[in-house]
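# Understanding the architecture of this molecule
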Amino acid sequence: MAQLGKGSARRSKPSYFMAILGVTIVLFFVGIFGWLLLNARQYTEEMKEDVKVQLFLRKNITPQDVETLKTFIAAQPYTKSYEYIDKEAAKQRWLKSGENDFKELLDENPLPASFDLNLKSNYVQRDSVTAIKADLEKQSMVIESVQYPAFVVEKMSSSVRVGLIAFAILAGIFCIFSIVLIDNTIRLAMYSNRFIIKTMQMVGATRGFIARPMTVRAIINGTISAVVAIAIIYVVMMLSEYFLPYLRDLRDNGKLVLLFAFLVILGISISLFSTYRSVVKYLKMKLDDLY
C-alpha cells in the first residue's frame with residue numbers, strides 16, 4: 001500500500017507542474033490587465049491635471065496683491081500647482097508662439113499678468129470647475145477674468161468616466177473567468193490524486209490529516225505561480241518602458257505593490273479553495289465511482 005502511495009505520488013507530480021503552469025498563465029494575464037488598468041487611470045489623471053485655468057490680473061495690481069493672491073491660491077484644496085506669469089514672461093510666450101512683436105505699434109506691453117492654475121484631477125469636472133471659477137471671480141479686485149477650456153473639461157469628464165467604467169467591467173469579467181479557469185485547472189490536477197485520498201480514508205485517516213499535506217502543497221503551488229507570473233509581468237513592464245519611455249511617468253509603485261500582493265493572495269486563495277473542495281469531493285465518492 002505504501003508503494004502504491006509512493007507510485008501514485010510520483011505520477012501526480014506532472015499534474016502539479018501543469019497546475020502551476022496553468023495558474024501562472026492565468027495570473028499573468030490578470031496582472032497584465034491590472035497593470036493596463038492602472039496605467040489607463042494614471043494617464044487620465046495626468047490628462048486632467050494638464051488642463052489649465054487661467055487667471056488674468058488687472059493692470060493696476062501691486063506686488064503685494066500678487067503675493068496675497070499666491071497665498072490664497074496655494075491654500076485652496078483644488079490646487080495641484082500654479083505658475084505666476086508677469087507681463088514680460090507673457091510677452092516672451094507671445095513671441096515664442098510665432099506672433100509678431102507689437103512694440104512697433106504700441107508703447108507698452110498690452111498683455112496682462114496672469115496665473116496658470118492646474119487643478120487636482122478629482123476637481124476637473126464641469127460642476128467643480130464652474131464652482132472654482134465662481135470662487136476665484138470673487139477676487140475681483142485683483143482678478144479681471146477667469147478662463148478655462150470648458151468644452152475639453154466637459155468632454156473629458158464624460159469620456160473618461162465611461163472609459164474607466166467599461167474597462168473596470170471588462171477587468172471584473174476577466175477576473176471571474178480567470179478564477180473559474182484556475183479552479184478547473186487545480187481540480188484536474190487533483191484528479192490524479194483521487195486514489196491516494198480514498199486510500200488514506202480507508203485506512204482511517206481523518207479529513208484534516210488527508211487535506212493537510214495537500215493544503216500545504218496548494219499554498220506552495222499558488223505562491224510559486226504568483227511569483228513566476230509577477231516576474232514575467234515585471235519583465236514585460238521593463239521592456240514596455242524601454243520602448244515607450246512615457247510609461248515610466250505613469251508607473252505608481254505603491255499601486256503596483258498592491259497589484260502584485262493581490263496576485264499572490266489570488267493564487268494562494270484559489271489554490272486552497274479548489275484543493276480542499278476536490279479533497280472533500282473524493283472523500284464523499286464511493287470507491288467504484290473513482291474509476
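Residues numbered from 1 in each chain as written. Predicted model: local features only at pLDDT ≥ 70, side-chain atom pairs only at ≥ 80, totals over all residues. Heavy atoms only, no water.

On the surface, a nonpolar cluster with roughly 680 Å² of combined accessible area is contributed by Val-235, Leu-239, Tyr-242, Phe-243, Leu-244 and Tyr-246. At four residues, helix α7 (residues 207-243) tops the list of elements feeding residues into the nonpolar patch. Looking at where Phe-243 falls in the secondary structure, it is placed in helix α7. By relative accessible area, Phe-243 is classed as exposed at 62%. (Patch = residues over 30% accessible without salt bridge, like charges linked within 9 Å, V, L, I, M, F, W, Y side chains within 5 Å. Areas by Shrake-Rupley, 256 points an atom, 1.4 Å probe, with all protein chains shown as cover. Salt bridge = Lys/Arg side-chain N within 4 Å of Asp/Glu carboxyl O. Helix = DSSP H or I, 4+ residues; strand = E, 2+ residues; numbered from the N terminus. Buried < 20%, exposed > 50% of the residue type's maximum accessible area, 1.4 Å probe, protein only.)

Under the present numbering, the feature "transmembrane region" (unreviewed entry) in UniProt falls on residues 16-38, 162-182, 218-237 and 257-276. The annotated region residues 16-38 carries 100% helix and 0% strand content, and the separation between its end C-alpha atoms amounts to 32 Å. Along residues 257-276, the helical share is 100% and the strand share 0%, with 28 Å between the first and last C-alpha atoms. (UniProt positions renumbered as here; feature names shortened; annotations may be inferred.)

A word on the sheet that holds strand β4 (residues 143-147). One open sheet accounts for four strands, arranged β2-β3-β1-β4; its pairing is antiparallel. Edge positions in the sheet fall to β2 (79-85) and β4, since each of these pairs with one other strand and no more. The average angle at which neighbouring strand axes cross in this sheet is 20°, direction not considered. Pairing of strand β1 (residues 52-57) with strand β3 (residues 114-119) involves five bridges; the strand directions are antiparallel. (Pairing = 2+ DSSP bridges. Axes fitted to C-alpha atoms, helices over the stretch in contact; angles between N-to-C directions.)

Turning to the side chain of Asn-118, a few remarks are in order. Inspection of the secondary structure assignment puts Asn-118 in strand β3. Engagement of the side chain of Asn-118 in a polar contact is seen with the backbone oxygen of Glu-49, the distance being 2.8 Å. Excluding its chain neighbours within four sequence positions, the residues that come into contact with Asn-118 are Glu-49, Asp-50, Val-51, Lys-52, Tyr-78, Thr-79, Lys-80 and Ser-81. (Polar contact = N/O pair within 3.5 Å; in protein donor to acceptor, adjacent residues only side chain to side chain. Contact = heavy atoms within 4.5 Å.)

Quick look at the environment of Lys-70 now. Along the chain, Lys-70 turns up in helix α2 (residues 63-75). You can call Lys-70 partly exposed: its relative accessible area is 22%. Separated by 13 residues in sequence, Lys-70 and Glu-83 place their C-alpha atoms 9.1 Å apart. If we skip the residues at most four places from it in the chain, Lys-70 touches Tyr-82, Tyr-84 and Phe-115.

What follows deals with the confidence of the model for the protein chain. The predicted coordinates ought not to be read in detail in places where the model reports low pLDDT. Model confidence for the protein chain is summarised by a mean pLDDT of 80, while 84% of its residues fall at 70 or above. In the model, residues 1-14 has pLDDT below 50 throughout and makes seven contacts with residues more than four positions away in sequence or in other chains. (pLDDT = per-residue confidence, 0-100.)

On to the nonpolar core, then. By size, the foremost hydrophobic cluster in this structure holds 31 residues, and its most contacted members are Leu-27, Trp-35, Ile-182, Ile-233, Leu-263 and Val-279. The element best represented in this core is α7, accounting for eight residues. Aside from chain neighbours lying at most four places away, what touches Ile-182 is Val-23, Val-26, Leu-27 and Ile-270. Among the nonpolar cores identified, the runner-up in size contains 24 residues, and Phe-115, Val-124, Ile-143 and Val-160 belong to it. (Core = buried A, V, L, I, M, F, W, Y, C linked by side-chain atoms within 4.5 Å.)

What follows covers the pairing of β3. Extensive coverage of β3 is indicated by the burial of six of its six residues. Burial of the side chains of β3 extends over both faces: Ser-114, Asp-116 and Asn-118 are buried on one face and Phe-115, Leu-117 and Leu-119 on the other. Relative to β3, β2 runs antiparallel, the two being bridged by six bridges. Residue pairing for β3: Thr-79 is matched across the bridge by Leu-119.

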